[in-house]
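# Structure assessment
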Amino acid sequence: MKTLNDQLSQYAAYHRDRRNIVTHFVGIPMIVLAVVVLLARPAFEVAGLSLSAATLAVIAATLYYLRLDLRFGVVMGLLLAACLAFAQATASWSTTAWATLGVGLFVVGWVIQFVGHIFEGRKPAFVDDIMGLIIGPLFVVAELAFLLGLRREVEAVVASRAGPVRAGRALAK
């Protein structure tokens, strides 16, 4: 299994334009929430707990993130748990409202992502490696940590492997 540094560096190589990274701060959370919402139906009660494909996906993803890195894994688990709580609440909505929310978030999130990759001038990472779909949310959390001055050791490895983040023309001073 690739390490945290390997996964983030590989993903970051497709995301060196600051404008693309900014679009990921919006698009990826929308897509993640959409997937969890859309997987929240049907749900079954087991020992007083509501279980759905969303529950299983959140557990599996959290375990994967924890295996990569304990600190990022805990953050990812908490964020995914919040998505799951929201998704479970929307699962009781009418089918039209639930599906409109899920599909709407999914489509708009991907449009935002593809706009970012137009800025980048490069295809999304998942085109070359399907693991990019699960690393994308972790990348957003890692980039936020880097902006907050956290995990500098990880940031240094990612930057040394993927190169520096470039300011786009519209953001350059």
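Scope of this entry: the structure provided in the associated data block.

## Focus on unusual backbone geometry
- Of note, the bond from R41 into P42 is cis; its omega dihedral lies within 30 degrees of zero at -10 degrees.
- Turning to its location among the elements, P42 is positioned in the loop between α2 (18-39) and β1 (43-46).
- Here the phi dihedral of A47 falls at roughly 55 degrees; this positive angle occurs in a residue that is not glycine.
- Positive phi, close to 55 degrees, is recorded for R151, a residue that is not glycine.
- With relative accessibility at 11%, the residue R151 sits in the buried group.

## Describing the packing of aromatic side chains
- Across all of its chains, the model carries 5 aromatic pairs by this definition.
- Arranged with centres 5.4 Å apart and planes meeting at 70 degrees, the rings of W110 and F126 form a pair that is edge-to-face. Of this pair, W110 sits in helix α5 (residues 95-120) while F126 sits in the loop between α5 and α6 (132-147), placing them 16 residues apart in sequence.
- Judged by relative accessible area, W110 falls into the buried class, the value being 18%.
- A relative accessible area of 26% means that F126 is categorised as partly exposed.
- Here the guanidinium or amino end of R41 rests over the ring plane of W98, the centre of that ring lying 4.6 Å away.
- Lying across the ring of F72, R151 places its NZ or CZ 4.7 Å from the centre.

## Overview of the nonpolar core
- If you look at the biggest cluster of nonpolar residues, it comprises 41 residues, and the most contacted ones within it are L8, V36, Y65, F72 and L138.
- Of all elements in the fold, only α1 (4-12), α2, α3 (53-68), α4 (70-90), α5, α6 and α7 (152-162) reach the threshold of two or more residues within this core.
- Beyond its immediate sequence surroundings of up to four residues, V36 is in contact with A54, V58, C83, L84 and A87.

## Overview of the pattern of salt bridges
- Under the definition given, this model contains 9 salt bridges.
- In this structure, the salt-bridge partner of K2 is D129, at a minimum N-O distance of 3.7 Å. Of this pair, K2 sits in the segment before α1 while D129 sits in the loop between α5 and α6, and the two are 127 residues apart along the sequence.
- For K2, a relative accessible area of 35% puts it in the partly exposed group.
- Between R161 and D6 there is a salt bridge, with its nearest N and O atoms 2.7 Å apart. Highlighted residues: R161 in helix α7 and D6 in helix α1, separated in sequence by 155 residues.
- D6 sits in the partly exposed class, given a relative accessible area of 29%.
- Ionic contacts of the salt-bridge type, sharing partners, join the residues D69, R71, R151 and E153 into one network.

Calculation rules
Residues numbered from 1 in each chain as written. Predicted model: local features only at pLDDT ≥ 70, side-chain atom pairs only at ≥ 80, totals over all residues. Heavy atoms only, no water. Helix = DSSP H or I, 4+ residues; strand = E, 2+ residues; numbered from the N terminus. Buried < 20%, exposed > 50% of the residue type's maximum accessible area, 1.4 Å probe, protein only. Phe/Tyr/Trp six-rings, centres within 6.5 Å; stacked < 30°, edge-to-face > 60°. Lys NZ or Arg CZ within 6 Å of the ring centre and 35° of its normal. Core = buried A, V, L, I, M, F, W, Y, C linked by side-chain atoms within 4.5 Å. Contact = heavy atoms within 4.5 Å. Salt bridge = Lys/Arg side-chain N within 4 Å of Asp/Glu carboxyl O.

Taken by themselves, the reported measurements are silent on function.
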